[in-house]
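Fold and contact review
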Amino acid sequence: MDYSKETPAKVRELIREGKITGPTAGMCAGYAQANLAVMPKELAYDFLLFTQRNPKSCPVLEVSDVGSRELKYIAKGADIARDIPKYRIYEHGVMTGEYTDVSEFWRDDLVSFLIGCSFSFESELLETDIPVRHIEENCNVPMFITNIPCVPAGVFSGNMVVSMRPLPYDQVVKSVLVTGSMPKVHGAPVHIGDPSVIGIQDINKPDFGDSVTIHPGEVPVF
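Moving on: the packing of aromatic side chains. Two aromatic rings are characterised by how far apart their centres lie and by the angle between their planes. Counted under the stated rule, the structure contains 6 aromatic pairs. When the centroid spacing of 6.3 Å and the interplanar angle of 20° are considered together, the rings of F47 and F50 count as stacked. In this pair, F47 and F50 both sit in helix α2 (residues 41-53), 3 residues apart, roughly one turn of the helix. Of the residues examined, F50 reaches a relative accessible area of 9% and is grouped as buried. Aromatic side chains F47 and F156 sit 5.2 Å apart centroid to centroid with 65° between the ring planes, which places their arrangement in the edge-to-face category. With F47 in helix α2 and F156 in the loop between β6 (143-149) and β7 (159-163), the pair connects residues that are 109 residues apart, well separated along the chain. Each member of the pair, F47 as well as F156, is classed as buried. Clustering of aromatic rings is evident, with ring pairs tying together F47, F50, F113 and F156.

Below is the structure:
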């Protein structure tokens, strides 16, 4: 199904109904998409500080009220516990399950962070005839853990994770201009070219997401 022209409210409705269960790349062209991080209030200040110190990795679009499953600004009427295609729950750093609805796990002390997602600028790339390979191949974007350290804050630390899109050499500059105008969804690339420079040993084995085809004459853009 092509959801590129669909409204965010309709896509959220389809997610709640279980009709959309995979990555949302290519959906709702022209609208911002977000990643979700939910944690107890006791950790929320540390995480907010982490996002402020690392705006490239974690550009915050909205922070919920404590215990609320609703958003006040970017997606009114959304239900944080049901409107994401898939949730992963972690306990003490270990993933304990994947779910399409986390209502049963909701607590009054939880705080939600909506972080700008790079899927948001893909419609702008497509409008300027820049290919987006994972949309062409109907899979998730490949993502890699790099050797680029984030600035620690409280209990939070780690290296930057990047997504990768292979682009023709002659369209790299245009892609930088397009994405650079959208800093709230990660903005311009952090690296172009040799993956090993940022600690990626095998471009065909992403840490998250799916591997995509890199054609001759294309360069990986992170």
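From this point on, the discussion continues.
Summarising the element assignment, S118 is placed in the loop between β5 (110-116) and α3 (122-127). A distance of 2.8 Å separates the side chain of S118 from the side chain of R165, its partner in a polar contact. With near-sequence residues (within four places) excluded, S118 lies in contact with S163, R165, V185 and H186.

By size, the foremost hydrophobic cluster in this structure holds 23 residues, and its most contacted members are F47, F50, F113, F144, V162 and F222. Mapped onto this core, the elements with two or more residues apiece are β1 (34-40), α2, β5 and β7. Of the residues forming this core, the biggest block, 4 residues, is contributed by α2. Apart from the residues lying within four places of it in its own chain, the contact partners of V162 are P142, M143, F144, T146, V190, I198, I200 and F222.

Every other side chain in a regular strand lies on the same face of the sheet, so the side chains alternate between the two faces. Residues of strand β8 (residues 165-168) alternate between two faces, with R165 and L167 on one and P166 and P168 on the opposite face, all of them buried. Pairing of β8 with strand β9 (residues 218-221), which is carried by 4 bridges, proceeds in the antiparallel orientation. When the sheet's bridge partners are listed, L167 is paired in β9 with V219.

The rules behind the values
Residues numbered from 1 in each chain as written. Predicted model: local features only at pLDDT ≥ 70, side-chain atom pairs only at ≥ 80, totals over all residues. Heavy atoms only, no water. Phe/Tyr/Trp six-rings, centres within 6.5 Å; stacked < 30°, edge-to-face > 60°. Helix = DSSP H or I, 4+ residues; strand = E, 2+ residues; numbered from the N terminus. Buried < 20%, exposed > 50% of the residue type's maximum accessible area, 1.4 Å probe, protein only. Polar contact = N/O pair within 3.5 Å; in protein donor to acceptor, adjacent residues only side chain to side chain. Contact = heavy atoms within 4.5 Å. Core = buried A, V, L, I, M, F, W, Y, C linked by side-chain atoms within 4.5 Å. Pairing = 2+ DSSP bridges.

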